[in-house]
Each structure stands twice: as structure tokens, then as C-alpha cells.
Amino acid sequence: MQWLRVMTNVFSTVLIAAWFPVQLSAQEMVIAVTGVNVVDGLAGSVQSNQLVVIEGDRIRTVEASGAIPAGARVIDGRGKYVMPGLWDMHAHLRAPEAPKLMPLFIAHGVTGVRDMSSDCDGAGPVCAPEMRAWQAQIEAGELLGPRLLALSSFAVNPPWDFEVTEDRARALVRRLAARGVDFVKIYYRLSPAAFRWILDEARQANLAVGGHIPLRVTVEDASNAGLRSLEHARDFLFDCFPGAAAFRAEARSQNPPVDVMRSMVDDHDATSCDAIFRTFVRNDTWYVPTHVTRRMDAFADDSAFRNDPRRKHIPAALWRAWQADADRMVALDPTPEGRRVMRGFYTRGLEITGRAHAAGVPIVLGTDAGDTYVFFGSSVHDELGELVKAGLTPAQALAAATARSAEFLGLQADYGAVAQGKRADLVILNANPLEDIANTRRIEAVIFGGRVFDRSALDRMLRETEDAVNAMDRGN
């Protein structure tokens, strides 16, 4: 959310695809990838030496042998690995300059996102209609960026102690449905009653509900009420320590004081969390951990972390806001003990994710792209590494960003696997990601919408996006 506020102050008009110089490649009629190893994260397996034939933007065949179609563009896949395009299930792209940065997703093999702040409550430089226009331009091949797979409402977050009536809560959901959003994003200041009314009305409107759990509602109660997805690991920590009830009753911020955070870390009650996990499994409530957000909290005082070379792809105004946010995080308690607590909160979240996954809680990958030090596109690879740190295997982490994400959105018929009939959003790698999840970064080519972007084209995207950011910083 922060980057939207920052960049909206910088840009006052909605721009279109002509903003950036990245050129779309021509769509190929038929593509044949020969001798390639096909990665299946869900099965945790690799099919060796396959011929993958793509026609238009669909996979025609995947087979061990077969004739290369006449006139096909041939890609030599020997010694390489092909996997589905990665998805980021918690990203923020609603800002005026977003089309300039969207190529960063494709350059890093990220071909789809669920956007978590797709509409505005009132006037704004970018609202749901503009997001829908971008969505259509991407699908038509007119704008280079990841598929906008699901678009949320604005965050429903009335002021503290604002009395939301049932009629008003239900009318809001109907208005959001009429605006064409795919799901309702709730936030931490909602009252328990308003939360229940919104969940009920959304169910009738066939809208999912996800987001930040209202502080006065437990995670377990939210799941029982029909919450579709829990975003961020910290809500589990809020409910799994002896002071949980008092914290929920008194907190006015979703950022706990350090002394309360210390109790959440040091007095963590695994039994309480295990009960919540069982509730999530029973209710089919999904979990999007976004560990890279808490990693920022943990390492906000680390100069190497803060001077990430990827800053060249971040507009200066946003980078300054990130630096200020990190400063605020350190200022909460800069002592060694305070930093220990911040790191403990982050690592406890990783532990919880591992236990949740072992308990059967369905997990998908999200990054909170646009939040402090969460880089567009490339942070998906960071989060894959975090999931493996949490205890998932590389195959399970990869599935969270591909097949499981497609299942979560009900799009598994078209996405999530390298298989006949699926959309051909594919990433070709130079090494096996099931052996080392870091190998997802070793991208040789991306096939997207019937277009092939080889390594030189991907490198050009990165350079041209850097040029576009420099132009923004100069005010051009």
C-alpha cells in the first residue's frame, strides 16, 4: 500500500503503455522446445527429454518423442528445465507508473499476479476501471506485464469506533460487486459485526473475502466465518500466545509494541496454533505467508540488506519511502534485545508456516510486492527461498507459486502445469529447481502469450526498465 501513496503523489495522471520503451516480441505460430526436462512441482518430479509443442498460446503436446511441426520455431531445451510461469498471489500494482515496472515480473518469470488493492474508494489516478483496462491490454498482448488474475476491492477499513450498520455493510459489498472486483479485501479496523455482515453478503454475491484479519476477530473465528485467505504470517502469532485475548481486545494497530511482540515470540503456544491449523484445513482457508515482509522488519538495521542492488529498478521517491519505513522499524527498539525480538518474530513466522503446511493448511506464494524492500517480480524468488527455509521442499514451494495458486483461483484447467491444453506461460531454466530452489533464478527464456523472450530479451527488459525509472526520477 505504501508505494501507491508515494507514487500517487508523484504522478497525477493515468498513463498508458507508451510510457515505457520495452518492445513486445511477435507472437509465434508454433514453438517446439526439444529435449527439455519438464518440472512438475505438485508431483515433485521431472520428466526427462520431452518435446513440448506450443501453438498460439496453448500447449499442444508434451511427449517423449514426436515430429517437430513444419515451420515451428525450435528452441533447444537439452540440459534445461521447463516449469509453469510463477505467480505472485499478493502484489500491489495499482499506481500510475505501474506499467513501467510490470516488465520486471516477466523478466523474472512471473507471469501472473493477484492484485490486493485494485480499486479506490472515491477518485484516484488509478481505480478498478483502469486496472481492468490494463488487464485487457495484457491479455491482448498490447501491454507487457503479468496477467492480472484477480483484482481486489479497496481495503475495507473504517476509522476506529465507526459504527457500521448492517445495511451499510451489505450495501458496500453489493457496490463492490457492481464495480466488478473479484474479491473483497478486509482490513484490521473492521468491527466483528461488520466483518460477519460483509462475509455473509459476499457469500451471496459469490465474492471471496481475504486480507488482514480485523484485530477484534481471532484467526479461528475468521476461518469459521468463511474467510478465503489469510494474508501474512503475523496473524497466527497474534493468536498463539497467552496474551492473545488481551492483545485482540486492546490493540489499535496491527504492529504490536516490542514488549508484546517479545511475548508472542518467547511465550509462543504451539498447541493453540495447531488447533487453528485444524480449523483452516476443515474450512479450506488458504494461507499466504509473505515472509519477505517480516524479513524486512528483522533486517531493517542491516546495511547490506538495505542497499540491495535491485534498487536501480525502484523509483527514487519510493526508495526514500522504503528507507524511512526501515528507519521507523529500527526506531521501535534499536537495542540488541529489540533487534533480537524482531528477528525472532520473523523466524517464528517461518516455523509456523512449516507447521501449518505439515498440518495440511493450503499455502500459496505471495510477496506484498511494492511494500518495503519487496521488489517487483524478483521477490517471488526471495519468497520461494523463505518457504524452503520454513520447511517446504523445493517442489512444494514451487507448487505454491504454480499449481496450488491456480487451484486457489479455480484456474487449474488452464494454468499451473506444463501439460497438454494449458496456457503456455512457461519458464525455461538452466538448472533443476527441485534440487535447489535458487535455480528458479537461472532463467534462460520466458514463453508468455505465444511470445518467446530469450535471455537477451529479458536482459533488455531489465535495462529498459532501469532507463524508465531513471527518466521518472528526472521528471521526464
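A few words on empty space enclosed by the protein. Going through the model one piece at a time under the given rule, you end up with 3 cavities of 30 Å³ or more. Within this model, the largest cavity holds a volume of roughly 70 Å³. Every residue lining the largest cavity is listed: Arg234, Gln254, Asn255, Pro256, Met261, Arg294, Asp297, Met329, Leu332 and Phe345. Its residues assigned to classes, the lining of the largest cavity comprises 5 nonpolar, 2 polar and 3 charged. One number sums up the size of the second largest cavity: a volume of about 60 Å³. As for the second largest cavity, its lining consists of Pro84, Gly85, Trp87, Thr111, Thr402, Asp414, Tyr415, Gly416, Ala417, Arg423, Asp425 and Leu426.

Moving on, we get to the pattern of salt bridges. This model, assessed by the stated rule, comprises 37 salt bridges. As a salt-bridge pair, Arg60 and Glu55 come within 2.9 Å of each other at their nearest N and O atoms. Among the salt bridges present, the one from Arg404 reaches Glu407, with a minimum N-O distance of 2.6 Å. Pair noted here: Arg404 and Glu407 are both in helix 18 (residues 403–408), with a separation of 3 residues, about one helical turn.

The next subject is the state of the cysteines. Inspection of every chain in the model, using the stated rule, returns 2 disulfides. For Cys120, the disulfide goes to Cys127, at an S-S distance of 1.6 Å. Residues Cys120 and Cys127 are joined through a disulfide that is right-handed, its torsion about the S-S bond being 95 degrees. Overall, the relative accessible area of 7% leaves Cys120 in the buried class. A residue is classified by how much of its surface remains accessible, and Cys127, at 8% relative accessible area, is buried. Here Cys240 connects covalently by a disulfide to Cys273, the sulfurs 2.1 Å from one another. Of note, the bridge from Cys240 to Cys273 carries an S-S torsion of about 105 degrees and is right-handed in sense. Of this pair, Cys240 sits in the loop between helix 8 (234–239) and helix 9 (244–250) while Cys273 sits in helix 11 (residues 270–283), and the two are 33 residues apart along the sequence. With respect to class, Cys240 is no different from Cys273; both count as buried. Disulfide partners in the chain, listed by the sequence order of the bonded cysteines, are 1-2, 3-4.

Those residues of helix 10 (residues 258–266) that fall on the buried side of the exposure criterion are Val258, Met261, Ser263, Met264 and Val265. Of the surrounding elements, those touching the buried residues of helix 10 are helix 8, helix 9 and helix 15 (336–359).

The next subject is the sheet that holds strand 10 (residues 208–211). One open sheet holds the 7 strands; their spatial order is 6-7-8-9-10-11-12, and the pairing between them is parallel. Here the strands that pair on one side only, and so sit at the sheet edges, are strand 6 (86–91) and strand 12 (286–288). Taken pair by pair, the neighbouring strands of this sheet meet at an average axis angle of 25 degrees, ignoring direction. Bridge count for strand 11 (residues 229–231) against strand 12 is 3 bridges, and the pairing is parallel. Bridge pairing links Leu230 to Tyr287 in strand 12. Relative to strand 8 (residues 147–156), helix 5 (residues 166–178) is tilted by about 155 degrees, and along the sheet it contacts strand 8 and strand 9 (183–186).

Counted by the stated rule, this structure contains 17 aromatic pairs. Taking 6.4 Å as the distance between ring centres and 40 degrees as the angle between the ring planes, the aromatic pair formed by Trp319 and Phe375 counts as tilted. In this pair, Trp319 is assigned in helix 14 (residues 316–331) and Phe375 in the loop between helix 15 and helix 16 (379–390), connecting sequence segments 56 residues apart. For the pair Trp319 and Phe375, one class covers both residues: buried.

Phe236 and Phe376 are the most contacted members of the largest nonpolar core, which has 113 residues in total. Those residues in contact with Phe236 that sit more than four places away from it in its chain are Val219, Leu230, Cys273, Ile276, Phe277, Phe280, Tyr287 and Ile352. Val36, Ile59, Leu426 and Ile447 belong to the second-largest nonpolar core, a separate cluster that totals 16 residues.

Looking now at the packing of helix 5 against helix 6 (residues 192–204). Remark: helix 5 packs on helix 6, axes separated minimally by 9 Å, with the N-to-C direction vectors making an angle of 40 degrees. The pairing of helix 5 with helix 6 is recorded here as oblique in orientation. Read as a crossing pair, helix 5 and helix 6 show a hand that is right-handed. Together, Glu166, Ala169, Arg170, Val173 and Arg174 of helix 5 and Ala194, Trp197, Ile198, Asp200, Glu201, Ala202 and Gln204 of helix 6 make up the contact between the two elements. For the contact of helix 5 with helix 6, the per-class residue count stands at 6 nonpolar, 1 polar and 5 charged.

You can see Gln135 is positioned in helix 4 (residues 128–139). Of the polar contacts made by the side chain of Gln135, one reaches the side chain of Arg132; its length is 2.8 Å. Filtering out sequence-adjacent residues up to four positions away, Gln135 remains in contact with Leu148 and Leu151.

Taken as a whole, the chain shows an average pLDDT of 93; of its residues, 94% reach a score of 70 or greater. Confidence over residues 10–21 falls short of pLDDT 50; this stretch has 25 contacts with residues more than four positions distant or in other chains.

Negative phi characterises most residues that are not glycine, and trans characterises most peptide bonds. Located in the positive-phi region is Asn206, a residue other than glycine, with phi close to 60 degrees. The topology assignment puts Asn206 in the loop between helix 6 and strand 10. Backbone geometry places Thr290, a non-glycine residue, at a positive phi of 45 degrees. Relative to the helices and strands, Thr290 resides in the loop between strand 12 and helix 12 (291–299). On the accessibility criterion, Thr290 (0% relative accessible area) is buried.

Thresholds, definitions, all that
- Residues numbered from 1 in each chain as written.
- Predicted model: local features only at pLDDT ≥ 70, side-chain atom pairs only at ≥ 80, totals over all residues.
- Heavy atoms only, no water.
- 1 Å grid on protein atoms, 1.4 Å probe; cavity = no way out; pocket = protein on both sides within 12 Å on 5 of 7 lines; lining within 4 Å.
- Points joined across faces, edges and corners; volume = space filled by probe spheres on them.
- Nonpolar A, V, L, I, M, F, W, Y, C, P; charged D, E, K, R; others polar.
- Salt bridge = Lys/Arg side-chain N within 4 Å of Asp/Glu carboxyl O.
- Helix = DSSP H or I, 4+ residues; strand = E, 2+ residues; numbered from the N terminus.
- Disulfide = S-S within 2.5 Å.
- Buried < 20%, exposed > 50% of the residue type's maximum accessible area, 1.4 Å probe, protein only.
- Contact = heavy atoms within 4.5 Å.
- Pairing = 2+ DSSP bridges.
- Axes fitted to C-alpha atoms, helices over the stretch in contact; angles between N-to-C directions.
- Phe/Tyr/Trp six-rings, centres within 6.5 Å; stacked < 30°, edge-to-face > 60°.
- Core = buried A, V, L, I, M, F, W, Y, C linked by side-chain atoms within 4.5 Å.
- Parallel < 35°, antiparallel > 145°, perpendicular 65-115°, else oblique.
- Left-handed = near helix turned anticlockwise from the far one by under 90°.
- Polar contact = N/O pair within 3.5 Å; in protein donor to acceptor, adjacent residues only side chain to side chain.
- pLDDT = per-residue confidence, 0-100.

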